[in-house]
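An overview of the molecular structure
Below, each chain spelled out in residue letters.
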Amino acid sequence: MVFSRYYFFVDQRRTYELLERIGSLLRSEERRSGGRHGLQPTQIHALAFLDQANRYSDSPASVTEYLGLTKGTASQTLQRLVEKGFLRQESDRKDGRRVHLKVTAAGRRVLRDIRPPDSFEKACQGVGTGPLEASLSDLLTALQREQKQKPFGICRTCRHFRRGARGSSHQCGLTLEPLREEESSRLCREHEWDTERHPAPRR
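Read on for an overview of the structure. (Residues numbered from 1 in each chain as written. Predicted model: local features only at pLDDT ≥ 70, side-chain atom pairs only at ≥ 80, totals over all residues. Heavy atoms only, no water.)

**A closer look at the packing of aromatic side chains**
For any pair of aromatic rings, the description consists of the separation of the ring centres together with the inter-plane angle of the planes. The full count for this structure, using the stated rule, is three aromatic pairs. Ring plane angle 85° and centroid distance 5.5 Å describe the contact between Phe 49 and Phe 152, whose orientation is recorded as edge-to-face. Separated by 103 residues along the polypeptide, Phe 49 in helix H2 (residues 41-52) and Phe 152 in the loop between helix H7 (130-146) and strand E3 (153-154) bring together distant segments of the chain. With respect to burial, Phe 49 and Phe 152 carry one shared label: buried. Aromatic rings pair up to connect Phe 49, Tyr 66 and Phe 152 into one cluster. (Phe/Tyr/Trp six-rings, centres within 6.5 Å; stacked < 30°, edge-to-face > 60°. Helix = DSSP H or I, 4+ residues; strand = E, 2+ residues; numbered from the N terminus. Buried < 20%, exposed > 50% of the residue type's maximum accessible area, 1.4 Å probe, protein only.)

**Overview of a nonpolar patch on the surface**
A cluster of nonpolar side chains, namely Leu 19, Leu 132, Leu 136 and Leu 139, defines an oily patch on the protein surface of about 320 Å² accessible area. For the nonpolar patch, the element with the most residues is H7, which contributes three residues. Mapped onto the secondary structure, Leu 132 falls in helix H7. Of the residues examined, Leu 132 reaches a relative accessible area of 44% and is grouped as partly exposed. (Patch = residues over 30% accessible without salt bridge, like charges linked within 9 Å, V, L, I, M, F, W, Y side chains within 5 Å. Areas by Shrake-Rupley, 256 points an atom, 1.4 Å probe, with all protein chains shown as cover. Salt bridge = Lys/Arg side-chain N within 4 Å of Asp/Glu carboxyl O.)

**Quick word on the pattern of salt bridges**
Inspection of the entire model under this criterion finds 17 salt bridges. Ionic pairing is found between Glu 17 and Arg 13, a salt bridge with its closest N-O pair at 3.5 Å. Note that Glu 17 and Arg 13 are positioned in helix H1 (residues 2-35) at a spacing of four residues, about one turn of the helix. Residue classification places Glu 17 among the partly exposed residues on the basis of a relative accessible area of 33%. The exposure class assigned to Arg 13 is exposed, which follows from its relative accessible area of 53%. Between Asp 58 and Lys 102 there is a salt bridge whose closest N-O contact spans 2.7 Å. Note that Asp 58 is positioned in the loop between H2 and helix H3 (60-67) and Lys 102 in strand E2 (residues 99-103), a separation of 44 residues in sequence. Since its relative accessible area comes to 1%, Asp 58 is described here as buried.

**Some points on the nonpolar core**
Nonpolar side chains in soluble globular proteins generally cluster together in the buried interior. Of all hydrophobic cores here, the largest spans 20 residues; its most connected members are Leu 47, Phe 49, Leu 50, Leu 78, Leu 81 and Leu 87. With six residues, the top contributor of residues to this core is H2. Setting aside its immediate chain neighbours within four residues, Leu 78 contacts Ala 46, Leu 50, Pro 60, Val 63, Leu 87 and Leu 101. (Core = buried A, V, L, I, M, F, W, Y, C linked by side-chain atoms within 4.5 Å. Contact = heavy atoms within 4.5 Å.)

**Examining H3**
Taken residue by residue, H3 has Ser 62, Val 63 and Thr 64 as its buried positions. The elements touched by buried residues of H3 are H2 and helix H4 (71-83). The first or second residue beyond H3 is Gly 68, which carries a positive phi of 70°.

**Topic: the packing of H2 against H4**
Viewed as axis vectors pointing N to C, H2 and H4 meet at an angle of 75°, and their least axial separation amounts to 10 Å. Viewed along their axes, H2 and H4 adopt a mutual orientation that is roughly perpendicular. For the pair formed by H2 and H4, the contact residues are Thr 42, Gln 43, Ala 46, Leu 47 and Leu 50 on the first element and Thr 77, Leu 78, Arg 80 and Leu 81 on the second. Here the contact of H2 with H4 is composed, by residue class, of five nonpolar, three polar and one charged. (Axes fitted to C-alpha atoms, helices over the stretch in contact; angles between N-to-C directions. Parallel < 35°, antiparallel > 145°, perpendicular 65-115°, else oblique. Nonpolar A, V, L, I, M, F, W, Y, C, P; charged D, E, K, R; others polar.)

**Quick notes on H4**
Within an α-helix, residues lying three or four positions from one another point in the same direction, as the helix has 3.6 residues per turn. With 13 residues, H4 ought to run about 18 Å at 1.5 Å a step, and its terminal C-alpha atoms sit 18 Å apart, in line with that. Its buried side turned inward, H4 meets H2, H3, strand E1 (87-91) and E2. Immediately beyond the C-terminal end of H4, within one or two residues, lies Gly 85, with a positive phi of roughly 80°. (Expected span 1.5 Å × (residues − 1).)

**Thoughts on unusual backbone geometry**
With omega at -10°, the peptide bond leading from Arg 115 into Pro 116 counts as cis. For Pro 116, the location among the structural elements is in the loop between helix H5 (105-114) and helix H6 (118-127). Of note, the phi angle at Lys 148 is positive, near 55°, even though the residue is not glycine. When you line up the elements, Lys 148 lands in the loop between H7 and E3. For Leu 176, which is not a glycine, the phi torsion comes out positive at approximately 65°. Along the chain, Leu 176 turns up in the loop between strand E5 (170-172) and strand E6 (178-179).

Interpretation note: all reported values are geometric properties and have no functional meaning in isolation.
Right, here's the structure in full:
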C-alpha cells in the first residue's frame, strides 16, 4: 500500500510537470506569434474565449471567470482588444446596462493566424489526440470542480437545452429564449451537464 501511494504521488507530480512544461512551450510560441499583432497571451486567450462564447457568456464577467483573472486585469485586457479593433462592444437590447463583447473580422483573422500554434499541430500529428483529449477534458473538469469554477460547457450538452423540431429554433430552458443552430455549439457560463443525453465527464 505504501509503495502504491508513493508511485501514485510520483505519477501525479510527473503529470503536473509535463503539463506545466507543455503550457510553458505553448505560451512561449503564443508570445512570439501574438507579438506580430501586438498581443500578449492573456489577450489572445480572452479573444479566443469570446469567439466561442454565446450571448449569455460574452461579457467582461465571463472573461474574468473563464480565465481566472482579476477584474482589473480583465478590464485592461478587454480595453486593449477594443482599442486594437479586435473586439467591439454592444449594448444589450433588453438591458442597456449590460455589454456584449463581439469579436470583429480583424479579431477572427488574428485567431486564425495564431491559434493553435503550428508547432502544436505538427506535434499532434505524431502522437494523436483521441484518448489524450478525453483524459485532459476529464482532468480539466475535475480541477474546475476542486477550485469551484464554472465549467463553461457547450450549449447543446446542457440540461437546459431544448432541441427544436426540424427547421425550427432550439430553446434555452433556463431563459426560455430561442437559440439558433449556430448558438448551440457555443460556450455558456450557465451550463449544467445533461447526463441523460450526454455522458458527463468521468469523475
